[in-house]
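# Commentary on secondary and tertiary structure
So the chains spell out like this:
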Amino acid sequence: MGVPTEVLKAFRFTLDPSPVQEETLLRHAGAARWAFNHALGMKVSAHRQWRLQVDELVAAGVSEAEARKRVRVPIPSKPAVQKHLNAIKGDSRTPDLAPGVAGPQRPCPWWHEVNTYAFQSAMIDADRAWQNWLASLSGRRAGRKVGYPRFKKKGRSREAFRLHHDVKRPGIRLATYRRLRLPAIGEIRLHDTGKALSRLISNGQAVVQSVTVARSGHRWYASVLCKVTADLPVKATAAQRAAGTVGVDLGVKTLAALSKPLPRTRGHANDTGLLVPNPRHLAAAMRRLKKAQQALSRTEKTSIRRRKAQRRVARIHHEVATRRHGVLHELTKRLATGFATVAVEDLHVAGMTRSAKGTREKPGQRVRQKSGLNRTILDTAMGEMRRQLTYKTSWYGSQLAVLDRWWPSSKTCSTCGWQNPHQTLADRVFTCTQCHLTLDRDLNAARNIERHATPIEPPVAPGRGETQNARGARVRPPGPRAERHPAMKREDTAPAPASTVPPQRNDPLTSPNPRQQPAKLP
């Protein structure tokens, strides 16, 4: 039995707007882009003013640190930006005022043509972008560095906007199973049905919070965010416990190698293999995409044919992304619902896909081959699969386990623990010299991931901070003996469970290596 819990869930619908409604959607998206740029412009202006005052103090002989403490220029947030805009925005329904009589020229006299939440949500997004940059600059934000917020350019940024409403008097609602009503836009026909969402709302199990409308390729999509009362399972089902733990090794040759076959489900009765083939969606569409991009490069800027060519390229990219997401959602759901624990490897995708071109002084080698490999790795969407497994395991009562990224899963024998330090990417078959195991490289890694992955701890309460340090190790030692060892990440000394044989690394100086070449003396 599950526990009733309120969760935020998004219901995604494909819209089928009329030409007039599509113009209205584009007008709302343009208003949101303009509001974001307006709010960000005020923040950038205040930041430049602060920088000028600091430079003046430094030129006068004050130290940089002291000047930063003295100067105080407030960065306008969403309430201040909205109040300022309301005072100067003007109104196209009234006669224009003479210049200099009542302030500057009105920046957006067309504000009444769009919903006000399109402006407000964009201002909130500008605040979030600014805070993300500050948090990343000060080290309070995990992950890669967030750059200085940039303005959105028409034709380059995504056409999207977000609308809110009063939940007591809902303006965002399903008029029928096939029509979605949006404030200031009207009823838009849906490509698919909204019966599931309509029944949840009728039963009092869902409350609409907001809707995000965005264009991707040649399609318009509406993502309705709802607060849903769902029965989340507390533990795995009997079938999941019987299946146990599955190790998943993500790769390029095959999309995923599994330590156990997927359970039989309706529509996939004969799909019991351990290797999930890689569909290679981008490679399949590369011929069409190449022709479309060549046609785009031959058009003149700001021409009608160029817009048509751009839409053709965007449509192909959208089709590739849709097929990729469909395969990933199907695989991750079968993993989350079929096993009690899903074990994956902590992959550093950004490092794996880093360019090999190097610098002008030290240029890289085999840059063309590396760029092709990077394209193939990104086509498999390893990070997206990890993200989907993270929330789907919590939905279906299973658990996610992660293996440390430095653990040598491909170089370690899954039976006896012997390590082959000379294993390369070209060796697709793992051969153990001790127990004479001969197995596919990816299947051997999947078995190691299943046995040595560590379950992820539940998230901490808000305000408690993170439970891991910068290297991914726990802040608090798991036991009294752990206090003697500092947090480290090494490839060949990761601790193994007591029930399995730890990896046994052979002596690289005495082990034969046919690929090893004699060292050249300086």
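Note that residues are indexed from 1 along each chain, following the sequence as it is written. The predicted origin of the model limits local features to residues at a pLDDT of at least 70 and limits the giving and counting of side-chain atom pairs to 80 or more, whereas totals for whole chains, interfaces and linings rest on all residues. By convention in this description, side-chain values take in all heavy atoms of the structure and omit both hydrogens and water.

## Describing the overall build of the chain
Note the following rule: Secondary structure elements are defined from DSSP: runs of H or I of at least 4 residues count as helices, runs of E of at least 2 residues count as strands, and each element is numbered from the N terminus. Per-residue accessibility, obtained with a 1.4 Å probe over protein chains only, is compared with the maximum for each type, and a residue is labelled buried under 20%, exposed over 50%, and partly exposed between these values. Note on contacts: a residue pair qualifies if any of its non-hydrogen atoms lie within 4.5 Å across the two residues. Using a 1.4 Å probe, the Shrake-Rupley method yields the accessible areas, and only the shown protein chains count as cover for residues.
On a plain count of helices and strands, the chain comes out with 13 helices and 17 strands. When the 522 residues of the chain are sorted by exposure, 35% land in the buried category. Looking at the chain alone, contacts between residues at least 24 apart form 64% of all its contacts between residues at least 6 apart. A total accessible area of about 32600 Å² is found for the chain, and carbon and sulfur atoms account for 53% of it.

## Looking at the sheet that holds strand β8 (residues 245-250)
The line we're drawing: Pairing between strands requires that DSSP locate at least two bridges from one strand to the other. A fitted line through C-alpha atoms serves as each axis, taken over the contacting stretch for helices, and the angle formed by two N-to-C directions is quoted from 0 to 180°.
Read across the sheet, six strands follow the order β10-β9-β8-β11-β12-β16 without closing on themselves; strand pairing throughout is mixed. Strands with a single pairing partner mark the edges of an open sheet, and in this sheet they are β10 (275-277) and β16 (454-455). Where strand β12 (residues 399-403) and β16 come together, two bridges link them in antiparallel fashion. Bridged to A401 within β16 is P455. Against the sheet, helix α13 (residues 441-452) contacts β8, β9 (254-258), β10, β11 (341-345), β12 and β16, and its axis sits at roughly 135° relative to β8.

## Examining the pairing of strand β7 (residues 219-233)
Looking along a regular strand, one sees side chains alternate from face to face of the sheet. Of the pairings in the sheet, the one linking strand β6 (residues 206-216) to β7 comprises 10 bridges and is antiparallel in character. Along β7, the bridge assignment pairs R215 with W220. What sits between β6 and β7 in their antiparallel hairpin is a turn of two residues, with G217 showing a positive phi close to 70°.

## A few points about the sheet that holds strand β4 (residues 179-182)
Either a parallel or an antiparallel arrangement is found when strands of a sheet pair, and the pairing is made through backbone hydrogen bonds. One open sheet accounts for three strands, arranged β3-β4-β5; its pairing is antiparallel. Edge positions in the sheet fall to β3 (173-176) and β5 (186-189), since each of these pairs with one other strand and no more. Strand-to-strand, the axes of this sheet are offset by a mean angle of 40°, without reference to chain direction. With three bridges connecting them, β3 and β4 associate as antiparallel partners. Along β4, the bridge assignment pairs L174 with L180.

## A short note on the packing of helix α1 (residues 19-59) against helix α4 (residues 116-138)
Note the cut-off: Angles are sorted into four bins: roughly parallel if under 35 degrees, roughly antiparallel if over 145, roughly perpendicular if 65 to 115, and oblique for all others. By definition, any crossing whose near helix is turned counterclockwise from its far helix by less than a right angle is left-handed, and any crossing with a clockwise turn is right-handed.
In contact at an axis separation of 8 Å, α1 and α4 are set at 40° when each is read in the N-to-C sense. As judged from the angle between their axes, α1 and α4 are oblique. Remark: the crossing between α1 and α4 carries right-handed chirality. Within the contact between the two elements, α1 uses H28, A31, A32, W34, A35, F36, A39, L40, K43, V44 and H47 and α4 uses A118, F119, A122, M123, D125, A126, D127, A129, W130 and W133.

## What to know about the confidence of the model for the chain
What counts here: Per-residue confidence from the predictor is reported as pLDDT, a score between 0 and 100.
Of all residues in the chain, 84% attain a pLDDT of 70 or more, and the chain-wide mean is 85. The secondary structure element of the chain with the lowest average pLDDT is strand β17 (residues 504-505), at 48, and the one with the highest is strand β2 (residues 160-164), at 97. pLDDT under 50 marks residues 460-502. Its contacts with residues more than four places away, or in other chains, come to 43 contacts. Below pLDDT 50 for its whole length, residues 505-522 participates in 14 contacts with residues either more than four positions away or in separate chains.

## A few points about the side chain of N420
Inspection of the secondary structure puts N420 in the loop between β13 (418-419) and β14 (429-431). Setting aside chain neighbours within four positions, we find N420 in contact with K411 and F430.

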